[in-house]
Amino acid sequence: MKKFLSLFAFAMIAVFSLSLVSCGDDDEGENNEYSRYGQINYGQININGKDYACYGYGMPITYTSSWEGGTLSISLPLGELADAKKGEYDFDYMVSIDCYGGNKPMVGTNLANYPEKYLTVVLDEASSADYESGSAIVKSVKDDDYITIEFKNFKCKASNLQSYTFNGTVKLDYDVD
């Protein structure tokens, strides 16, 4: 009987210790593509027909997009898609979009409707570009956490006459003041 009780006690200890271990995803409710910790995460954006990895929300190193009383500043840190697929997250380019004179972005807001749009492109040596056509629709917003933007033929022309057309959806860190 003593041997049976010892085995039973050992089995119970093993069962209880296993019950304390989580086997599930710790980021419940988050899309795994953008989980805060774990594998390298990136959105994907296409510029002039070339795909880039956009290192935004949930990356260990990222730039913050923000809303500050009438100005929306968006930062898109971009890297080579092939590198991102290998698990490397060095970014080579930075695209910044500043929108002035509009209301705080909400779901459905089109950045193209802001009175002033200024795009700084650090691709192909262009330093700045002006909005021409297309849309950039806010798909989701969580203040002081993230903003998701869908670009559809968002076209800008730089002072050197180089055009940039953006397509894709990105989720970015977002700071609201």
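Structural data are supplied above this passage.
Rules used throughout
Residues numbered from 1 in each chain as written. Predicted model: local features only at pLDDT ≥ 70, side-chain atom pairs only at ≥ 80, totals over all residues. Heavy atoms only, no water. Helix = DSSP H or I, 4+ residues; strand = E, 2+ residues; numbered from the N terminus. Contact = heavy atoms within 4.5 Å. Areas by Shrake-Rupley, 256 points an atom, 1.4 Å probe, with all protein chains shown as cover. Core = buried A, V, L, I, M, F, W, Y, C linked by side-chain atoms within 4.5 Å. Buried < 20%, exposed > 50% of the residue type's maximum accessible area, 1.4 Å probe, protein only. Salt bridge = Lys/Arg side-chain N within 4 Å of Asp/Glu carboxyl O. Pairing = 2+ DSSP bridges. Patch = residues over 30% accessible without salt bridge, like charges linked within 9 Å, V, L, I, M, F, W, Y side chains within 5 Å. Lys, Arg positive; Asp, Glu negative; His and termini not counted. Charge placed at Lys NZ, Arg CZ, Asp CG, Glu CD. 1 Å grid on protein atoms, 1.4 Å probe; cavity = no way out; pocket = protein on both sides within 12 Å on 5 of 7 lines; lining within 4 Å. Points joined across faces, edges and corners; volume = space filled by probe spheres on them.

1. Some details on the overall build of the protein
Right, on to step 1. Scanning the protein from terminus to terminus reveals two helices and nine strands.
Right, on to step 2. Along the chain direction, N to C, the helices and strands of the protein fall in the order α-β-β-β-β-α-β-β-β-β-β.
Right, on to step 3. For the protein, the share of sequence-separated contacts (at least 6 apart) that also reach a separation of at least 24 residues comes to 55%.
Right, on to step 4. For the protein, the accessible area works out to roughly 10000 Å², and carbon and sulfur atoms hold 52% of it.

2. Regarding the nonpolar core
When a protein is soluble and globular, its nonpolar side chains tend to lie buried together.
Right, on to step 1. Among the nonpolar cores identified, the biggest contains 32 residues, and Ile 45, Leu 76, Leu 111, Phe 151 and Phe 166 are the most heavily contacted of them.
Right, on to step 2. If you list the elements that add at least two residues to this core, you get strand S1 (43-47), strand S2 (50-54), strand S4 (71-80), strand S5 (93-100), strand S6 (116-121), strand S7 (129-142), strand S8 (146-158) and strand S9 (163-176).
Right, on to step 3. Leu 76 has contacts with Ile 45, Cys 54, Tyr 93, Met 94, Val 95, Phe 151, Val 170 and Leu 172, leaving out every residue within four places of it along the chain.

3. Section: the pattern of salt bridges
Right, on to step 1. Throughout the structure, instances matching the rule amount to five salt bridges.
Right, on to step 2. Across the pair Asp 83 and Lys 86 runs a salt bridge, and its minimum N-O distance is 3.7 Å.
Right, on to step 3. Exposure remark for Asp 83: the relative accessible area of 23% places this residue in the partly exposed category.
Right, on to step 4. Lys 86 gets classed as exposed once you look at its relative accessible area, which sits at 59%.

4. Thoughts on the pairing of S5
Right, on to step 1. The sheet contact formed by S4 and S5 spans eight bridges and is antiparallel. Looking at S5, one finds that Leu 72 is bridged to Cys 99.
Right, on to step 2. Note: S5 against S6, six bridges, orientation antiparallel. Within S6, the position partnered with Ile 97 by the bridge is Leu 119.

5. So, a negative patch on the surface
Right, on to step 1. A cluster of like negative charges, contributed by Glu 68, Asp 144, Asp 175 and Asp 177, occupies part of the molecular surface.
Right, on to step 2. Mapped onto the fold, Asp 177 is located in the segment after S9.

6. Focus: empty space enclosed by the protein
Over the atoms, a rolling probe the size of a water molecule traces out where space has been left empty.
Right, on to step 1. Under the criterion given, the structure shown has one cavity of 30 Å³ or more.
Right, on to step 2. Approximately 30 Å³ is the volume found for the largest cavity.
Right, on to step 3. Together, Ile 97, Lys 117, Tyr 118, Leu 119, Tyr 131, Phe 154 and Cys 156 line the largest cavity.
Right, on to step 4. Looking at the lining of the largest cavity, the elements that each hand over two or more residues are S6 and S8.
Right, on to step 5. At three residues, S6 tops the list of elements feeding residues into the lining of the largest cavity.

7. As for the environment of Gly 168
Right, on to step 1. With respect to the element layout, Gly 168 can be found in strand S9.
Right, on to step 2. Measuring from C-alpha to C-alpha, the distance between Gly 168 and Glu 150 comes to 5.7 Å, with 18 residues separating the pair along the chain.
Right, on to step 3. Setting aside chain neighbours within four positions, we find Gly 168 in contact with Gln 44, Ile 45, Ile 149, Glu 150 and Phe 151.

8. Digging into unusual backbone geometry
Right, on to step 1. Look at Asn 48: it is not a glycine, yet its phi comes out positive at around 50 degrees.
Right, on to step 2. The partly exposed category is assigned to Asn 48, whose relative accessible area is 37%.
Right, on to step 3. You will see that Asn 153, though not glycine, has its phi angle at about 50 degrees, which is positive.
Right, on to step 4. Looking at where Asn 153 falls in the secondary structure, it is placed in strand S8.
Right, on to step 5. Overall, the relative accessible area of 46% leaves Asn 153 in the partly exposed class.

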